Amino acid sequence: MTQAAFEDAVSAAEPSAKQAEPLSVTVVVCVYNRPEAILKCLESLRKQSYPRLTTIVVDDGSTDNTLQVARDFQSRHPEMPLVIRSTGANLGLSQARNVGIAEASSDLIFFTDSDCQADTEWVAELARAFESPTVVAAAGVSIDHEPRNYAELAYTGQTLLS
């Protein structure tokens, strides 16, 4: 595709006026035997600033009380759009994500891990990337520790390599 053809395609895809409402987002969280972690993760997702957000928890056949912890959280927070599904057996992350994808009906689908705690602006910042018609994928930065080597430092954007 030539540069001119690409620019024409982008122009054709751009809305003539700013969207009236933000895109809807579903965050899929797959979990296996992590009751404490899923509770912290859900609490962080409950605090998201983004207005059109649904969370889907897919329990991948946990053998402990993880599924019940998620259901109890749902009962305590009826204001939060939260769907809970179970695979019934430990099928693995890819299959569990497929269950979440099949359940989602939003414009965008994001994934996070059950042991992650999302910053309150995480969904809003990722969704903002999709305001451009040329964006087809986006990723956030995971911050667990200070960079330990040059590759990790480059990933943070603090070097000339990034």
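This one's a predicted model, so the numbers in the text were calculated from it and none came from an experiment.

**Student:** Before we move on, can you summarise the side chain of Ser24 with the specific residues and values?
**Tutor:** Mapped onto the fold, Ser24 is located in the loop between helix 1 (3-13) and strand 1 (25-31). The class for Ser24 is buried, based on a relative accessible area of 13%. Reaching out from Ser24, the side chain makes a polar contact with the backbone nitrogen of Asp107 at a distance of 2.8 Å. Excluding residues that lie within four positions of it along the chain, Ser24 makes contacts with Arg52, Ser106, Asp107 and Leu108.

**Student:** Mind laying out the nonpolar core, listing which residues take part and the relevant values?
**Tutor:** Core analysis: the biggest nonpolar cluster contains 28 residues, and Val25, Val27 and Phe110 have the highest contact counts within it. Secondary structure elements with two or more residues in this core: strand 1, helix 2 (35-46), strand 2 (53-59), helix 3 (66-76), strand 3 (82-86), strand 4 (108-113) and helix 5 (122-129). Apart from residues lying up to four places away in sequence, Val25 is in contact with Tyr50, Arg52, Leu53, Thr54, Ser106, Leu108, Phe110, Val123 and Ala127. Grouped together as the second largest cluster of nonpolar side chains are 6 residues, Val28, Cys30, Val58 and Ala96 included.

**Student:** Explain helix 3 to me, using residue names and the numbers behind them.
**Tutor:** Buried residues of helix 3: Thr66, Leu67, Val69, Ala70 and Phe73, and no others. In a view along the axis of helix 3, the buried residues occupy a sector of 165 degrees, so they form one face of it. The inward-facing, buried residues of helix 3 abut strand 1, helix 2, strand 2 and strand 3.

**Student:** Tell me about a nonpolar patch on the surface, and name the residues and values.
**Tutor:** Nonpolar side chains collect at one region of the surface, where Ile101, Ile109 and Phe111 lie side by side and expose about 210 Å² of accessible area between them. Inspection of the secondary structure puts Ile109 in strand 4. Judged by relative accessible area, which is 32%, Ile109 ranks as partly exposed.

**Student:** Talk me through the environment of Gln117; I want residue IDs and the actual numbers.
**Tutor:** By the secondary structure assignment, Gln117 is in the loop between strand 4 and helix 5. Accessibility expressed as a relative area gives 58% for Gln117, which makes it exposed. Residues within four places of Gln117 in sequence aside, it is in contact with Lys40 and Ser44.

**Student:** Let's hear about the environment of Ser86: which residues, and what values?
**Tutor:** Along the polypeptide, Ser86 turns up in strand 3. Residue Ser86 is classed as partly exposed on the basis of its relative accessible area, which comes to 38%. Sequence separation between Ser86 and Val31 is 55 residues, and the spatial gap between their C-alpha atoms is 9.5 Å. Once residues lying within four places of it in the same chain are set aside, the contact partners of Ser86 are Asp59 and Leu67. A distance of 3.2 Å separates the side chain of Ser86 from the backbone nitrogen of Gly88, its partner in a polar contact.

**Student:** Describe the packing of aromatic side chains, listing the residues and the values that go with them.
**Tutor:** The geometry of an aromatic ring pair comes down to the distance between the two centres and the angle between the two planes. Considering all chains together, one arrives at 2 aromatic pairs under this definition. Between the aromatic rings of Phe110 and Trp122, the centroid separation amounts to 6.0 Å while the plane-to-plane angle is 65 degrees, which identifies the pairing as edge-to-face. Residue Phe110 is located in strand 4, and its partner Trp122 is located in helix 5; the two are separated by 12 residues in the primary sequence. Grouping residues by exposure puts Phe110 and Trp122 together as buried.

**Student:** Please set out the pattern of salt bridges residue by residue, giving values where relevant.
**Tutor:** Following the criterion strictly, the structure yields 7 salt bridges and no others. Between Arg52 and Glu21 there is a salt bridge, and its shortest N-O distance comes to 3.8 Å. Here Arg52 is found in the loop between helix 2 and strand 2, whereas its partner Glu21 is found in the loop between helix 1 and strand 1, with 31 residues between them in sequence. Across the pair Asp113 and Arg97 runs a salt bridge whose closest N-O atoms are separated by 3.8 Å. Here Arg97 lies in helix 4 (residues 93-103) and Asp113 lies in strand 4, a separation of 16 residues in the sequence. Residue class for Asp113 comes out partly exposed when judged on its relative accessible area of 35%. Classification of Arg97 by relative accessible area gives partly exposed; the value is 26%. Three or more residues joined by partner-sharing salt bridges are found here, namely Glu43, Arg46 and Glu79.

Here is what the cut-offs are and how they apply
- Residues numbered from 1 in each chain as written.
- Predicted model: local features only at pLDDT ≥ 70, side-chain atom pairs only at ≥ 80, totals over all residues.
- Heavy atoms only, no water.
- Helix = DSSP H or I, 4+ residues; strand = E, 2+ residues; numbered from the N terminus.
- Buried < 20%, exposed > 50% of the residue type's maximum accessible area, 1.4 Å probe, protein only.
- Polar contact = N/O pair within 3.5 Å; in protein donor to acceptor, adjacent residues only side chain to side chain.
- Contact = heavy atoms within 4.5 Å.
- Core = buried A, V, L, I, M, F, W, Y, C linked by side-chain atoms within 4.5 Å.
- Arc of directions from axis to C-beta.
- Patch = residues over 30% accessible without salt bridge, like charges linked within 9 Å, V, L, I, M, F, W, Y side chains within 5 Å.
- Areas by Shrake-Rupley, 256 points an atom, 1.4 Å probe, with all protein chains shown as cover.
- Salt bridge = Lys/Arg side-chain N within 4 Å of Asp/Glu carboxyl O.
- Phe/Tyr/Trp six-rings, centres within 6.5 Å; stacked < 30°, edge-to-face > 60°.

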